[in-house]
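# Structure at a glance
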Amino acid sequence: MAERYRGRYSPDASADAVRPARRIPSRAERWTRMVFLLSLIFAAKAFVQDPADMLRFLLAFAALLLATWLTREGIRAKEAYDERRTARRPAFPRKIFGSLLTGLGLGLAAASTGAGMILPVLTGLAGTALHFLTFGPDPMTDKGMEGVDTYQQDRAARIVAEGEGYLTEMRAAALPLADRQLSDRIDRFAATARTLFRTVEDDPRDLTAARRYLGVYLMGARDATIKFADLWRREKDTSARADYEALLTDLETNFAQRTRALLSDNRSDLDVEISVLRERLQREGVVLDLNSKPEGEA
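Residues numbered from 1 in each chain as written. Predicted model: local features only at pLDDT ≥ 70, side-chain atom pairs only at ≥ 80, totals over all residues. Heavy atoms only, no water.

### A word on the overall build of the protein
- Check the secondary structure of the protein and you find nine helices and zero strands.
- Listed by position from the N terminus, the elements making up the protein come as α-α-α-α-α-α-α-α-α.
- Here the protein holds 298 residues, and the buried ones make up 42% of them.
- At a minimum sequence separation of 6, the contacts of the protein that also span at least 24 residues come to 76%.
- Accessible surface, the protein as shown: approximately 16,500 Å² in total, 59% of it carbon and sulfur. (Helix = DSSP H or I, 4+ residues; strand = E, 2+ residues; numbered from the N terminus. Buried < 20%, exposed > 50% of the residue type's maximum accessible area, 1.4 Å probe, protein only. Contact = heavy atoms within 4.5 Å. Areas by Shrake-Rupley, 256 points an atom, 1.4 Å probe, with all protein chains shown as cover.)

### Some details on the packing of helix α3 (residues 94-111) against helix α4 (residues 118-135)
- For the pair α3 and α4, interaxial distance at closest approach is 7 Å and the crossing angle is 150 degrees. With respect to α4, the axis of α3 lies roughly antiparallel. Crossing hand, α3 versus α4: right-handed. Contact residues: α3 offers K95, I96, G98, S99, L100, T102, G103, L106, G107, A110 and A111, while α4 offers L119, P120, T123, G124, G127, T128, H131, F132 and F135.
- Looking at the contact of α3 with α4, its residues break down into nine nonpolar, 10 polar and one charged. (Axes fitted to C-alpha atoms, helices over the stretch in contact; angles between N-to-C directions. Parallel < 35°, antiparallel > 145°, perpendicular 65-115°, else oblique. Left-handed = near helix turned anticlockwise from the far one by under 90°. Nonpolar A, V, L, I, M, F, W, Y, C, P; charged D, E, K, R; others polar.)

### Concerning α3
- Here α3 contains 18 residues, and its C-alpha end-to-end distance of 26 Å stays within 8% of the 26 Å for a straight helix at 1.5 Å per residue.
- Listed in full, the buried residues belonging to α3 are K95, G98, S99, L101, T102, G103, G105, L106, G107, A109 and A110.
- Where α3 is buried, its residues contact α1 (27-46), α2 (51-83) and α4. (Expected span 1.5 Å × (residues − 1).)

### Overview of the pattern of salt bridges
- One pass over the full model with this rule turns up 14 salt bridges.
- When the shortest N-O distance is used, the salt bridge between E29 and R76 registers 2.8 Å. Placement of the pair is E29 in helix α1 and R76 in helix α2, with a sequence separation of 47 residues.
- For R241, the salt bridge identified is with E245, shortest N-O distance 3.1 Å. Of this pair, R241 and E245 both sit in helix α8 (residues 238-263), four residues apart, which is roughly one turn of that helix. The pair R241 / E245 is uniform in exposure class, with both members buried.
- In this structure, a network of salt bridges that share partners links the residues E29, R72, E73 and R76. (Salt bridge = Lys/Arg side-chain N within 4 Å of Asp/Glu carboxyl O.)

### Quick word on the side chain of T259
- Of note, T259 is situated in helix α8.
- The class of T259 is buried, set by a relative accessible area of 6%.
- Look past the residues within four positions of T259 in its chain and what remains in contact with it is T195, L196 and T199.

### Let's talk about the packing of α1 against α2
- Interaxial distance between α1 and α2 falls to 8 Å at its minimum, and their mutual angle equals 170 degrees. The orientation of α1 relative to α2 falls into the category roughly antiparallel. Along the contact surface, α1 presents A28, E29, T32, V35, F36, L38, S39, L40, F42, A43, K45 and A46, while α2 presents M54, F57, L58, A60, F61, L64, L65, T68, T71, R72, I75 and R76.
- Looking at side-chain class alone, the contact of α1 with α2 contains 16 nonpolar, four polar and four charged residues.

### Description of the confidence of the model for the protein
- Looking at the protein as a whole, the pLDDT averages 78, with 76% of positions reaching at least 70.
- Taken element by element, the protein is modelled with least confidence in helix α9 (residues 270-283), mean pLDDT 63, and with most confidence in α4, mean pLDDT 93.
- Below pLDDT 50 for its whole length, residues 1-21 participates in 26 contacts with residues either more than four positions away or in separate chains.
- For the stretch residues 294-298, pLDDT sits under 50, and the model shows 10 contacts to residues farther than four places along the chain or on other chains. (pLDDT = per-residue confidence, 0-100.)

### Comments concerning α4
- Helix length check: α4, at 18 residues, gives a terminal C-alpha distance of 26 Å against a target of 26 Å (1.5 Å per residue), a fit within 8%.
- Among all positions of α4, only P120, G124, G127, H131 and F135 are buried. Summarising the axial view, the buried residues of α4 lie within an arc of 65 degrees, below the 170-degree limit, and thus occupy one face. In α4, the exposed residues that point more than 90 degrees away from the buried face are I118, L122, L125, L130 and L133.
- At its buried positions, α4 is contacted by α1, α2 and α3.
- Downstream of α4 by one or two residues, G136 has phi in the positive range, about 75 degrees. (Arc of directions from axis to C-beta.)

Now the structure itself:
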């Protein structure tokens, strides 16, 4: 089904119609494409070699392909590490292993020249060094973890992952409707919710005050989205759509308020906010079990 394009400068454009900006790869992440292109050259050359050299070139291709993937993932992990006030070092040094695999791939390709062992070794060392100098090392130490309860941080990570799952299900429920404006509205709410996620991840002590937002209320928002999508497919009920969008606005406002309260270390009026959100979701026909605990919490 054709979908009308809407943008900031399109006729009848509105704030809701502006599609959120997609993640733009960093310059370092774009540079990994050069390693990938190099691997393709070796893959192409493999099929015009004798069997022994063909094997070397195919192994070089595999090593460089894996190096590209590890390096890209390592760059993304480093960016996430830099964005947060508190973070653990990556469990696996992806960029460092990417450097080693790049050197291995280039060394294997150089071995096909028949120039002995010196050239492949020097080529491999040079490739490893150049890769390391280009992309740098992985973070090797934890950041801002002094005095942080690691159990609380792991618990917060599990509950945030559960919240991310609810946001993904909301987006998936609306996707078959092919309604750009509605999808953008859900994305805007998701961005507000993720701001709360980052706040809790930075300071896991805030988890107690935000736990229902990350679990129960996002679950209610997901259920409301699924019910609205089913209704909208059957009949284009504009009043139901207005009610659903008003619900998202209420939730977005309360999530933003909770984030500001956590940032200012203000724990007041939490019960009032919970009551307002519960009543609003119940009016939309979403029944919440407030005695339940988010998945992963004992």
